[in-house]
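Listed below are the residues making up each chain.
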Amino acid sequence: MARQLIKIPPELCIKCRGSKMLCGLTYCPVNITNKIKKVYSFPGNNISGSSPPSLFVGKYGYPKIGVYPALPPFKGDTSYMEDETKWLSMGINDFIEARLSLLRGKINVNINDAKNPDYKLQEIQLTSLSEKPVDIEMITEKSFNKNIIIDENSTPMGPSSSIKNIKYDNYKIDNRIEKVYYDNDLKADNAMINLYKNGMSINNISKALSIGSMGIKNNRKIVPTRWSITAADKNISDNIVDKIKDFSSIDEYYVYIRNINKNLFIGILAPGNWMFEWGEAWFPGTTWNYFSNDYQIELDYENYYGRKTYPDIGGCYYSSRLGVTEKFNEMKKSGKAILWREIYNGFNIPLGVWYVRDNIRELFKAKPEKFDNIDNALKYVSKFTKININEWAKKSYNIKNIKSNLDVFL
Amino acid sequence: MIRMNISIKNLKDIVDMLGTVVTEAKFKIGINGISVNAVDPAHVAMVSLEVPKSILSEYDVDSEEEISLDLEKVKSIIKLSSSNDSLTITKDKDKLKFEIGTIIKSISLLDNDQITTPRVPQVASDDYAVMPKSEFEKGLRAAEDVSDAIRLTLTADNFSAKSTSDADESEMILPKDLLKELVCNGAIKSSYPLEYLLKLVKSISSNEDIKISFKSDYPLNIEFSLGSGTSERIKGRFLLAPRMES
């Protein structure tokens with residue numbers, strides 16, 4: 001896979017051996033390839049291991065889809081594999097390795113089976129929501145297929161095979177989820193917000209949503225993983241947006257910068273009523289810009305009243321929105337949010353939208369530079385961007401909006 | 001020294017109107033009355049109020065002075081009273097004392113230096129329309145679920161307010177005979193952010209008339225009256241920056 005897409009001078013690898021990142025990529029393709037090979041060549045169809053717990057729900061064949069409990073082929077405390085708070089600090093190499101070792105066993109379900117789950121499905125529901133890793137013995141029909149998940153909208157996962165037989169050891173369902181699971185009158189939207197307020201991570205909330213563990217009993221559905229992540233990001237950030245609209249506005253321009261793994265994250269918070277935009281500039285040679293010679297900017301926004309359509313830019317729109325609404329909520333303030341990201345050559349593997357969410361959260365943990373007008377704020381930002389700041393400003397909806405003020409007429 | 005008596009209706013109208021743009025405001029307490037300018041943090045909307053001495057049953061001020069207040073605190077005092085009450089306000093060093101019937105409440109003044117004095121843009125337009133606030137409000141409400149901006153157009157024949165989105169459209173047309181006054185020397189149109197206008201109209205009584213003047217891509221100027229009073233009223237002015245669409 002890696003060899004087809006990337007051309008690396010061979011002498012670099014000998015000097016680097018996966019440690020210095022001389023090729024300029026944010027992960028080592030040799031390490032990853034070896035790891036994938038190991039998983040591909042996983043012998044036989046009988047695995048025993050500790051599931052973090054982990055679960056994937058596919059979307060092909062909707063409404064008849066595959067549900068995949070997953071486990072690495074070894075035992076121990078594997079909880080970090082599903083703990084999104086640990087992923088950023090793990091480094092991209094270790095993260096991908098860990099996630100690709102999650103072997104997925106498949107059962108076929110209809111999305112409506114969640115209304116009245118049979119024993120087999122119920123067992124998957126309950127074990128996938130365990131607060132601690134669950135030991136699983138799994139026998140599959142065949143050895144594992146080479147269909148790993150590397151996808152912008154889901155988190156990476158290893159290959160799969162249909163389940164012949166699966167046995168779970170002890171599990172203890174997280175009591176926050178347990179309440180929601182057995183509440184047949186609680187709407188899924190409200191359930192997600194309850195879980196979030198009780199400190200549950202988006203990864204776990206979306207997992208519970210995807211396996212049909214919440215909602216009014218007769219409306220329960222199994223939801224493909226990629227949709228469930230965006231549903232959680234959107235629904236929870238919608239709720240925070242409603243809340244922050246009541247806070248008073250910040251009265252200065254705050255600028256936050258985060259430069260990591262060939263990614264530049266920029267956050268500008270500006271005075272005024274709530275408004276949001278998320279823009280990404282993919283440089284040539286990055287994940288979503290293999291074919292052109294110039295960078296490509298994609299940007300979506302919403303005004304005070306929100307959006308009516310799904311943003312073209314995809315699920316990362318809502319992941320980044322969650323990150324910034326959390327910041328406003330923490331400050332008990334409101335304002336306009338401009339989030340931009342530049343992605344440079346060397347970052348060419350999709351990691352999932354958590355990467356945006358958690359980098360935005362990290363971005364806002366830093367101390368901001370403060371300015372009394374947008375022009376000075378942009379001048380500061382221009383020191384970090386590779387793209388001319390006027391180019392960004394031209395693409396931006398919020399900058400135009402911010403510049404539409406009375407000062408122009410003084 | 002500052003000592004005045006103001007009706008709750010007047011005080012409430014002042015605080016509610018300022019509350020559309022700020023939570024803290026700096027008042028100029030002059031010999032002949034009170035004035036205040038407040039601009040929202042984004043510098044998009046500005047409220048200016050002139051409170052003439054004549055609407056205050058008591059007004060004792062020896063020399064002009066500025067005082068800054070947390071409007072939320074004043075609101076909580078207003079909540080203690082009924083609408084027919086009036087209250088006496090006295091400045092006592094760095095506090096402002098409110099007496100309503102049997103209750104005396106003091107709130108601390110804010111540091112004047114902490115509250116920025118807004119710079120007021122000098123805007124003027126010869127073209128304007130006077131209309132019942134309730135008519136204008138109808139047009140805003142119709143646009144509310146369509147877009148966050150509203151385009152106002154003034155011609156020699158009518159005043160209109162239109163919002164469009166990819167999917168929906170909303171338009172209000174007020175022909176000349178539904179307007180109290182109309183002066184227009186050539187068609188003008190300009191877009192404005194809707195949420196500010198909605199907040200503004202909520203703070204003006206429904207039986208008031210408002211005077212709207214603007215130019216193309218130029219601030220909107222809305223003049224209105226607040227509070228009770230027969231000969232003189234509280235005079236208000238609302239300035240709103242245009243939404244530049246390109």
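A quick note: this is a predicted structure, and the numbers were derived from the prediction, not measured.

About the cut-offs
- Residues numbered from 1 in each chain as written.
- Chains lettered and ligands numbered in written order.
- Predicted model: local features only at pLDDT ≥ 70, side-chain atom pairs only at ≥ 80, totals over all residues.
- Helix = DSSP H or I, 4+ residues; strand = E, 2+ residues; numbered from the N terminus.
- Buried ≥ 20, exposed ≤ 12 C-beta atoms within 10 Å, placed from the backbone.
- Contact = placed C-beta atoms within 7 Å.
- Nonpolar A, V, L, I, M, F, W, Y, C, P; charged D, E, K, R; others polar.
- Arc of directions from axis to C-beta.
- Domains from an automatic or database assignment.
- Pairing = 2+ DSSP bridges.
- Axes fitted to C-alpha atoms, helices over the stretch in contact; angles between N-to-C directions.
- pLDDT = per-residue confidence, 0-100.
- Left-handed = near helix turned anticlockwise from the far one by under 90°.
- Parallel < 35°, antiparallel > 145°, perpendicular 65-115°, else oblique.

*Asks:* Hey, could you run me through the overall build of chain B in this one?
*Replies:* Looking only at helices and strands, one finds four helices and 18 strands in chain B. Overall, the C-alpha framework of chain B stretches about 55 × 35 × 30 Å when taken along its three principal axes. Split into buried and exposed, the 246 residues of chain B put 37% on the buried side. Pairs at least 24 residues apart make up 67% of the contacts formed inside chain B by residues separated by at least 6 positions.

*Asks:* I would appreciate a short explanation of the interface of chain B and chain A in the present structure.
*Replies:* A common way to report how large an interface is uses the accessible area buried once the components associate. In this complex, chain B contributes 19 residues to the contact, which on the side of chain A involves 19 residues. Partitioned by chemical class, the residues of the side of chain B that touches chain A number 13 nonpolar, two polar and four charged.

*Asks:* What am I meant to see in helix H7 (residues 175-182) of chain A here?
*Replies:* All names here are of chain A. Taken together, the buried positions of H7 are Ile177, Val180 and Tyr181. End-on view of H7: buried residues confined to an arc of 100 degrees, all on one side of the axis. What points out from H7, more than 90 degrees from its buried face, is the exposed set Asn175 and Tyr182. Residues of H7 that are buried make contact with helix H8 (188-197) and helix H9 (202-210).

*Asks:* I would appreciate a short explanation of the domain arrangement of chain B in the present structure.
*Replies:* All names here are of chain B. Considered domain by domain, chain B is made up of domain 1 (2-110) and domain 2 (128-222 + 233-240). The distance between the C-alpha centroids of domain 1 and domain 2 comes to 29 Å. Taken together, the contact pairs 15 residues of domain 1 with twelve residues of domain 2. Going through the elements one at a time, helix H1 (8-19) and strand S4 (45-52) are the ones with two or more residues in the side of domain 1 that touches domain 2. When residues in the side of domain 1 that touches domain 2 are grouped by element, the largest group, seven residues, is from S4. Looking at side-chain class alone, the side of domain 1 that touches domain 2 contains nine nonpolar, three polar and three charged residues.

*Asks:* Help me out: how do you make sense of unusual backbone geometry in this one?
*Replies:* As a rule of thumb, non-glycine residues mostly have phi less than zero, and peptide bonds are mostly trans rather than cis. All names here are of chain A. Residue Pro53 is bonded to the preceding Pro52 through a cis peptide linkage, with omega at 5 degrees. Take Pro53: it is sitting in the loop between strand S1 (46-51) and strand S2 (54-57). Between Tyr62 and the following residue, Pro63, the backbone shows a cis peptide bond with an omega angle of 10 degrees. As for its placement among the helices and strands, Pro63 is situated in the loop between S2 and strand S3 (64-71). Phi angles above zero are rare outside glycine, and Lys262 is one such case at about 65 degrees. If you trace the backbone, Lys262 turns up in the loop between strand S7 (253-260) and strand S8 (263-270). Residue class for Lys262 comes out partly exposed when judged on the 19 C-beta atoms lying within 10 Å of it.

*Asks:* I'm lost on the pairing of strand S4 (residues 103-110) of chain A in this one. Help?
*Replies:* Where a strand is regular, its side chains alternate between the two sheet faces. All names here are of chain A. Summarising the sheet, S3 and S4 pair through six bridges and their orientation is antiparallel. Note on S4: the bridge partner recorded for Leu71 is Leu103. The pairing of S4 with strand S6 (residues 160-168) spans three bridges and is parallel. Bridging from a neighbouring strand, Arg104 pairs with Ser160 of S6.

*Asks:* What is the right way to look at the sheet that holds strand S7 (residues 86-92) of chain B in this model?
*Replies:* The pairing of strands in a sheet comes from backbone hydrogen bonds and takes either a parallel or an antiparallel form. Residue and element names in this part refer to chain B. Within the open sheet, the five strands sit side by side as S5-S1-S7-S8-S9. Their pairing is antiparallel. At either margin of the open sheet sits one strand with a lone partner, and together these are strand S5 (58-61) and strand S9 (103-108). Direction aside, the axes of adjacent strands within the sheet are offset by 20 degrees on average. Contacting strand S1 (2-7) and S7, H1 crosses the sheet at an angle of about 95 degrees to S1.

*Asks:* Whenever I open this one, the pairing of strand S12 (residues 158-164) of chain B confuses me. Can you help?
*Replies:* Residue and element names in this part refer to chain B. The sheet contact formed by strand S11 (residues 149-154) and S12 spans four bridges and is antiparallel. In the sheet register, Leu154 faces S12, and the bridge partner there is Phe159. Here S12 hands over to strand S13 (residues 169-175) after four residues, the two strands then running antiparallel side by side.

*Asks:* Where do I start with the sheet that holds strand S15 (residues 188-193) of chain B in this structure?
*Replies:* Residue and element names in this part refer to chain B. Pairing is antiparallel across the open sheet formed by four strands, whose spatial order is S13-S12-S11-S15. Two strands lie at the open edges of the sheet, namely S13 and S15, each paired on one side alone. For this sheet, the mean angle separating the axes of adjacent strands, direction not counted, is 15 degrees. Judged from the six bridges that link them, S11 and S15 form a sheet pairing that is antiparallel. Across the sheet, Ala149 pairs through a bridge with Pro193, a residue of S15. The sheet strands contacting helix H3 (residues 133-143) are S11, S12 and S13, and the helix crosses S13 at an angle near 165 degrees. Helix H4 (residues 194-202) rests against S11 and S15 of the sheet, and its axis sits at about 85 degrees to S15.

*Asks:* How do you make sense of the environment of Arg176(A) when you look at a structure like this?
*Replies:* All names here are of chain A. Mapped onto the elements of the fold, Arg176 is located in helix H7. Placed 133 residues apart in sequence, Arg176 and Pro43 show a C-alpha to C-alpha distance of 38 Å. Those residues within four positions of Arg176 in sequence are excluded, and the remaining contacts are Leu195, Asn198 and Met200.

*Asks:* Please explain the confidence of the model for chain A as it appears in this structure.
*Replies:* Keep in mind that low pLDDT regions are not for reading the predicted coordinates in detail. Taken as a whole, chain A shows an average pLDDT of 90; of its residues, 94% reach a score of 70 or greater. Segment residues 1-5 of chain A: pLDDT under 50, and three contacts once partners within four positions in sequence are set aside and those in other chains are kept.

*Asks:* Is there a simple way to explain the confidence of the model for chain B in this structure?
*Replies:* Looking at chain B as a whole, the pLDDT averages 94, with 99% of positions reaching at least 70. If you check the scores for this complex, the pTM reads 0.84 and the ipTM reads 0.91.

*Asks:* Is there a simple way to think about the packing of H1(B) against helix H2 (residues 71-78) of chain B in this case?
*Replies:* Two quantities define a packed helix pair, namely the angle between the axes and the distance from one axis to the other. Residue and element names in this part refer to chain B. Where H1 contacts H2, the axes come no closer than 10 Å and their chain directions differ by 145 degrees. At the point where H1 passes H2, the crossing takes the left-handed sense. For the pair formed by H1 and H2, the contact residues are Ile8, Leu11, Lys12, Val15, Leu18 and Gly19 on the first element and Leu71, Val74, Lys75 and Ile78 on the second. Among the residues making up the contact of H1 with H2, the classes are represented as seven nonpolar, one polar and two charged.

*Asks:* Where do I start with the packing of H9(A) against helix H10 (residues 225-244) of chain A in this structure?
*Replies:* Residues and elements named next belong to chain A. Between H9 and H10, the shortest axis-to-axis distance is 8 Å and the interhelical angle comes to 125 degrees. One finds that H9 runs oblique with respect to H10. Between H9 and H10 lies a crossing whose hand is right-handed. Residue-level contacts link Ile202, Ile205, Ser206, Leu209 and Ser210 of H9 to Thr225, Ser228, Ile229, Ala231, Ala232 and Asp233 of H10. Looking at the contact of H9 with H10, its residues break down into six nonpolar, four polar and one charged.

*Asks:* So what exactly am I meant to see when it comes to the environment of Ala38(B) here?
*Replies:* All names here are of chain B. Considering the arrangement of structural elements, one finds Ala38 in strand S3 (residues 33-39). With 25 C-beta atoms packed within 10 Å, Ala38 lands in the buried category. It is 9.7 Å that separates the C-alpha atoms of Ala38 and Phe238, two residues lying 200 residues apart in sequence. When sequence neighbours within four positions are dropped, the list of residues in contact with Ala38 reads Leu18, Val21, Val22, Ala25, Met46, Val47 and Pro118.

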